Amino acid sequence: MARQQVFLVRILGIPVGLDYSWFLIFALLTALLASSYYPAEFDSWPLPLYWFMGALTALLFFVSVLLHELGHSVVALLYGIRVRSITLHVFGGVAEIVDEPPSAAAEFFVAIAGPLVSFALAGIFHALQLPLASVQPLLALAEYLAYINLSLALFNLVPGYPLDGGRVFRALMWAITGDMGRATVIAAYVGRGFAFLFIALGVWQIYTGNLGGGLWIVFIGWFLHNEARAALLHQAANR
Ligand SMILES: [Zn+2]
């Protein structure tokens, strides 16, 4: 486990850690929920309840992210692929999978497992809204978690390698070409295309007055661009 992390727990033999950047995003998300999401929905709560629900919601969001990463990890382990660690960080989380997948099918199922877990969680939290309807704070919590898990599944399915959708795309290219190296190069170029799309969308958002959201989208695009570039360089070095 890298040094800039706090060890949390071991699940299925996999060490789970918190990157230092996680504490920043946890605090930001808690503050955003406590000062914006919950007050917009309910205006008559006592102040501590906003903050308690903000922190609880942020915590359950990261539990959801952890379950998403465990989805990838469990399928990887079933294929005999080693998982070195799971880390929660500023962009959510990552399961560090040591080996390249042994086949296109393995890659496909490892990649799709995470979004499937997120879809399932969205469904569960959506279904919980009915029995929780009379308890205002819990209803709002279930609503938010249903929404955020659905967003998580959909965002990760964007076919920009190394996002899950990009890995699914690489698995399909691998199955078609029969060549993992070529599939990686194709997926990384498509990933770079999506990174530029994110940056363009973010810049457009900034021009139309959404500075915070726009900057965040640019930041994600820049991150995806670097990841796709690293995948290309790695592939070139291994040739
Ligand atoms: Zn994932």
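Conventions adopted
Residues take numbers from 1 onward in each chain, read along the sequence in its written order. Selection of residues for local features in this predicted model requires a pLDDT of at least 70, selection of side-chain atom pairs for listing and counting requires 80 or more, and totals for whole chains, interfaces and linings are taken over all residues. Put simply, DSSP H or I for four residues or longer makes a helix, DSSP E for two residues or longer makes a strand, and each gets a number counted from the N terminus. C-alpha atoms define the radius of gyration in this analysis, and the globule rule sets the expected value at 2.2 Å times the number of residues to the power 0.38. Around each residue's C-beta, the other C-beta atoms within 10 Å are counted; 20 or more make the residue buried, 12 or fewer make it exposed, and counts in between make it partly exposed. All C-beta atoms are placed from the backbone. Here, residues touch in the contact sense if the C-beta positions derived from the backbone fall within 7 Å of one another. DSSP calls a pair of strands paired once it identifies at least 2 bridges connecting them. Each domain span listed reflects an automatic or database assignment of domains. Per-residue confidence from the predictor is reported as pLDDT, which spans 0 to 100. What counts as an axis is a line fitted to C-alpha atoms, over the stretch in contact for a helix, and the angles between N-to-C directions run from 0 to 180 degrees. Roughly parallel refers to an angle under 35 degrees, roughly antiparallel to one over 145, roughly perpendicular to one between 65 and 115, and oblique to any angle outside these ranges. For any pair of crossing helices, the crossing counts as left-handed if the nearer helix is rotated counterclockwise from the farther one by less than a right angle, and right-handed if it is rotated clockwise. Polar here means any residue other than Ala, Val, Leu, Ile, Met, Phe, Trp, Tyr, Cys and Pro, which are nonpolar, and Asp, Glu, Lys and Arg, which are charged; Gly is therefore polar. To estimate the expected span of a helix, subtract one from its residue number and multiply by 1.5 Å.

## Notes on the overall build of the protein chain
Point 1. When its secondary structure is counted, the protein chain shows seven helices and four strands.
Point 2. Going from N to C terminus, the protein chain has its helices and strands arranged as β-β-α-α-β-β-α-α-α-α-α.
Point 3. Radius of gyration (C-alpha) of the protein chain: 19 Å, near the 18 Å computed for a compact globule of 239 residues.
Point 4. With the C-alpha coordinates aligned to their principal axes, the bounding extent of the protein chain is approximately 60 × 45 × 35 Å.
Point 5. Buried positions account for 36% of the 239 residues belonging to the protein chain.
Point 6. Taking contacts inside the protein chain between residues at least 6 apart in sequence as the whole, the part at least 24 apart equals 57%.

## Overview of the pairing of strand β1 (residues 5–11)
Point 1. Pairing of β1 with strand β2 (residues 14–19) involves six bridges; the strand directions are antiparallel. Considered in β2, the bridge of Ile 11 is made with Ile 14.
Point 2. Counting the residues in the hairpin turn of β1 and β2 gives two residues, including Leu 12, whose phi is positive at 55 degrees.

## Brief notes about the domain arrangement of the protein chain
The extent of an interface is frequently quoted as the accessible surface area lost upon association of the parts.
Point 1. Its domain assignment divides the protein chain into domain 1 (1–157) and domain 2 (158–239).
Point 2. Facing twelve residues of domain 1, the contacting portion of domain 2 comprises twelve residues.
Point 3. For the side of domain 1 that touches domain 2, the secondary-structure elements that each account for two or more residues are α3 (104–128) and α4 (136–156).
Point 4. If you tally residues by element for the side of domain 1 that touches domain 2, the top one is α3, at seven residues.

## Structural notes on the confidence of the model for the protein chain
Point 1. On average, the protein chain scores 91 in pLDDT, and the residues at 70 or more come to 97%.
Point 2. Ranking the helices and strands of the protein chain by mean pLDDT puts α3 first, with 97, and strand β4 (residues 92–97) last, with 84.

## A word on the packing of helix α1 (residues 20–41) against helix α2 (residues 47–78)
Point 1. Taken N-terminus to C-terminus, the directions of α1 and α2 make an angle of 125 degrees; their axes are 8 Å apart at the nearest point. As the angle between them shows, α1 and α2 are arranged oblique. Taken as a pair, α1 and α2 cross one another with a handedness that is right-handed. Contacts from Phe 26, Leu 29, Thr 30, Ala 31, Leu 33, Ala 34, Tyr 38 and Pro 39 in α1 reach Tyr 50, Trp 51, Met 53, Gly 54, Ala 55, Thr 57, Ala 58, Phe 61 and Phe 62 in α2.
Point 2. When the residues that make up the contact of α1 with α2 are grouped by side-chain class, the tally is 14 nonpolar, three polar and no charged.

## A closer look at the pairing of strand β3 (residues 83–89)
Here is the key point about a regular strand: its side chains alternate between the two faces of the sheet.
Point 1. Counting buried residues in β3 gives five out of seven residues, a clear majority hidden from the surface.
Point 2. By the bridge criterion, three bridges tie β2 to β3 in an arrangement that is parallel. Within β3, the residue paired with Gly 17 across the bridge is Thr 87.
Point 3. Where β3 meets β4, six bridges bridge the pair, whose relative direction is antiparallel. Note on β4: the bridge partner recorded for Val 83 is Ile 97.

## Description of α2
Point 1. Given a rise of 1.5 Å per residue, 32 residues ought to cover 46 Å, and the 47 Å separating the end C-alpha atoms of α2 matches this to within 8%.
Point 2. Phi turns positive one or two residues past the end of α2, at Gly 80, with a value near 75 degrees.

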